[in-house]
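Each chain, letter by letter, is given below.
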Amino acid sequence: MLAILRIQNLALVDQLVWEVGRGLVGVTGETGAGKSVIVGALKLVLGERADKGLIRTGETACTVEAVFDLADTSAIDALLEDAGMAPCEDGQLIVRRVVGEKGNRQFVNDSPATLNLLKLLADRLVDLHGPGEQQSLHSVERQLGMLDAYADGDKALSKYRAAWREFVDARESFEELRSSEEAGDSELELLRHKLGEIESAEINLEEMEGLEERYQQVSNGARLAELSGEAVALLSGDSGVVGQLGELQRLARELERLDVSNEERFAGLETALVELEELEVSVRDYLEDLEIDPAEARELEERVDLLESLKRKYGPTLEDVVATGEAAAAKLDTMENRGERLAELRQAMDEAQVKVQSAGRELSRLRKRGAPRLSKEVKVHLRDLGFKQAEFEAVLQKRKEAGPHGLEEVEFQFGPNPGEPLKPLRKVGSSGELARVMLAVKSSLAEKDNTPLMVFDEIDANVGGEVAAAVGRKMAGLGEAHQVVSITHFPQVAAVAANHYLVEKVVEKGRSFSRLREVTGDERVNELVRMLGSGGKEAKSMARKLLEKP
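How each quantity is defined
Residues numbered from 1 in each chain as written. Predicted model: local features only at pLDDT ≥ 70, side-chain atom pairs only at ≥ 80, totals over all residues. Heavy atoms only, no water. Core = buried A, V, L, I, M, F, W, Y, C linked by side-chain atoms within 4.5 Å. Buried < 20%, exposed > 50% of the residue type's maximum accessible area, 1.4 Å probe, protein only. Helix = DSSP H or I, 4+ residues; strand = E, 2+ residues; numbered from the N terminus. Contact = heavy atoms within 4.5 Å. Pairing = 2+ DSSP bridges. Axes fitted to C-alpha atoms, helices over the stretch in contact; angles between N-to-C directions. 1 Å grid on protein atoms, 1.4 Å probe; cavity = no way out; pocket = protein on both sides within 12 Å on 5 of 7 lines; lining within 4 Å. Points joined across faces, edges and corners; volume = space filled by probe spheres on them. Salt bridge = Lys/Arg side-chain N within 4 Å of Asp/Glu carboxyl O.

### Notes on the nonpolar core
- Leu 5, Trp 18, Phe 68, Leu 93 and Val 108 are the most contacted members of the largest nonpolar core, which has 50 residues in total.
- When residues of this core are assigned to their parent elements, the largest contribution, 7 residues, is made by helix α1 (residues 35-45).
- Setting aside anything within four residues of it in sequence, one finds Leu 5 in contact with Leu 16, Val 17, Trp 18, Ile 38, Ala 41, Leu 42, Val 64, Glu 65 and Ala 66.
- The next biggest cluster of nonpolar side chains, apart from the first, holds 41 residues, and it includes Val 378, Leu 385, Val 428 and Met 475.

In structure tokens:
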């Protein structure tokens, strides 16, 4: 559920912290008070396009933050993991959007995020319906998703999609090879030459560093020997540094014997002498071990030249050279065995097609069983919503070929008038009728739909009276399984809400502000009276009657 919605400097809202309640939450207010800001804020955190015009006048940025408390975060965590983010902690997800004059930023659990991630999260978190969003019912793909949810077809659909992806991959590989021209002799010869050149080098990716080091040592052997010999001569012998330092040590001891204050002055001399003696031994050993082998030098030079040549041709690194060889080997194998490879791909495609048909038949079985049940239940809800003789049918149509969503498509058809043929929902012109059909479908899916938050933005427009009351009851019913926010102009809807919030526009120090607050008791009665459009005792009595729980 949406636990908290924070808004700062968005349109007429300067600061708002809204702790949203459970069940059906009603939001009311006069036209122009700022109710649309609530929906606008939610759309921002759901990844919709941001307009700098939303920033409150005089400010440089606006911020919207939504805090969701989720009973099961597994689906959300999977999306976060794919995006390289840490999972939710303690079942909480925080989405924040900042819209500024110089740019926009978005965050998920305080980590920078992409708009695409926000949109993916939105599909799992919020189901928003308004005058424009009702058009989603026109989508046959969305209709098929609703039928699958109602028919408990999620597992069967996942199995089908896996089989379909396998088939598509196999088909693309087959078509790519089949449409490619047979390789000519010159191309085959070029590939063989490239592969032979790389394979004959027997490249070991770990050898290069040690190889270059040894090559430098051997190729500079004479100079290394000369320099090492000079170093040994300077260190050793009576006139060498070590001998001279030994004489200095003898003098120091005599000075210390005559004046003990000299002990500290020459304290480091013995250590220096020991280190220089060790250095003399080390350099002498290095000189004795230094081997100058002309044959080895030539071999190392040839090896380094070969690898450098391959890096220039296929590099710039040895890893690139190896990768080039592997790619050439794979392509050569395909070209030399084109007919055999085509047969293998054809077999793989045929086997994948069998899996598609098998998974598709199981999915079709669930859909065929679920479609009439869904139709029947939607009709019951439609009757409650004022369509006493309306017809509704989820019509399955078999596809000529299997597709990404199964072996068939579905078309929701609706007929409000007896004796008239049913029409696809995309041909229903009345927004009031479409709104009630959508609510009937959502009511049928209430126990199957795991979306935590549903938002209805004035979908009860163009209805009234008893129908508005029925709309309110349906929303309250949805509120038993979901958190439902309804922005409404109808007192019949607001009265059945578990919590009722009022949006008001106020003027302070010459500036307009939108405020949201919960109304209870007499304040709630007064708001319902305003919505009823009349005053006096009769209106108050009617408002109190609307608030009475059945």
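There is more to say after this.
### Re α1
- The element α1 is extensively covered by neighbouring structure, given that 8 of its 11 residues are classed as buried.
- Among the residues of α1, Lys 35, Val 37, Ile 38, Val 39, Ala 41, Leu 42, Leu 44 and Val 45 are the ones counted as buried.
- One or two steps after α1, the chain reaches Gly 47, where phi turns positive at roughly 95 degrees.

### Observations regarding the sheet that holds strand β7 (residues 111-112)
- Taken in spatial order, the 6 strands of this open sheet run β2-β1-β4-β5-β6-β7, and their pairing is antiparallel. Looking at which strands have only one partner, the edges of the open sheet turn out to be β2 (13-19) and β7.
- Across the sheet, α1 is in contact with β1 (2-10), β2, β4 (61-69) and β5 (92-100); its angle to β1 comes to roughly 100 degrees.

### Some thoughts on empty space enclosed by the protein
- Counted according to the given criterion, the structure contains 1 cavity of 30 Å³ or more.
- Approximately 70 Å³ is the volume found for the largest cavity.
- In terms of lining, the largest cavity is formed by Val 13, Leu 16, Gly 34, Val 37, Ile 38, Val 503, Ser 514, Arg 515 and Leu 516.
- Elements represented by at least two residues in the lining of the largest cavity include exactly β2, α1 and β15 (511-518).

### Thoughts on unusual backbone geometry
- At Ala 11, a position not held by glycine, the phi torsion is positive, near 55 degrees.
- Exposure remark for Ala 11: the relative accessible area of 30% places this residue in the partly exposed category.
- Positioned with a positive phi, Asp 110 is a non-glycine residue whose angle comes to about 70 degrees.
- Along the polypeptide, Asp 110 turns up in the loop between β6 (103-108) and β7.
- The exposure class of Asp 110 is exposed, given its relative accessible area of 56%.

### What to know about the sheet that holds strand β12 (residues 453-457)
- The sheet built from 6 strands is open, its strands ordered β8-β12-β13-β3-β14-β15 with mixed pairing. Sheet topology places β8 (126-129) and β15 at the edges, where each strand pairs with a single neighbour. Each strand of the sheet is rotated relative to its neighbour by a mean of 15 degrees, with strand direction disregarded.
- With 5 bridges joining them, β12 and strand β13 (residues 483-487) adopt parallel strand pairing. Following the sheet pairing, Asp 457 is matched in β13 by Ile 487.
- In this fold α1 packs onto β3 (24-28), β8, β12, β13, β14 (499-508) and β15, with an angle of close to 135 degrees to the strand it touches most, β13.
- Sitting on the sheet, helix α18 (residues 521-532) is in contact with β3, β14 and β15, with an inclination near 80 degrees to β14.

### Observations regarding the pattern of salt bridges
- The final tally for this structure, using the stated rule, is 23 salt bridges.
- Put simply, Glu 409 and Arg 399 hold a salt bridge, and the shortest N to O gap is 3.0 Å. Here the residue Glu 409 occupies a position in strand β10 (residues 406-415), and Arg 399 occupies one in strand β9 (residues 391-403), the gap between them amounting to 10 residues.
- The residue Arg 530 makes a salt bridge to Glu 527 at a minimum N-O spacing of 2.7 Å. Here Arg 530 and its partner Glu 527 are both found in helix α18, 3 residues apart, which amounts to about one turn of the helix.
- Judged by relative accessible area, Glu 527 falls into the buried class, the value being 6%.
- In this structure, a network of salt bridges that share partners links the residues Arg 6, Glu 65, Arg 96 and Asp 110.

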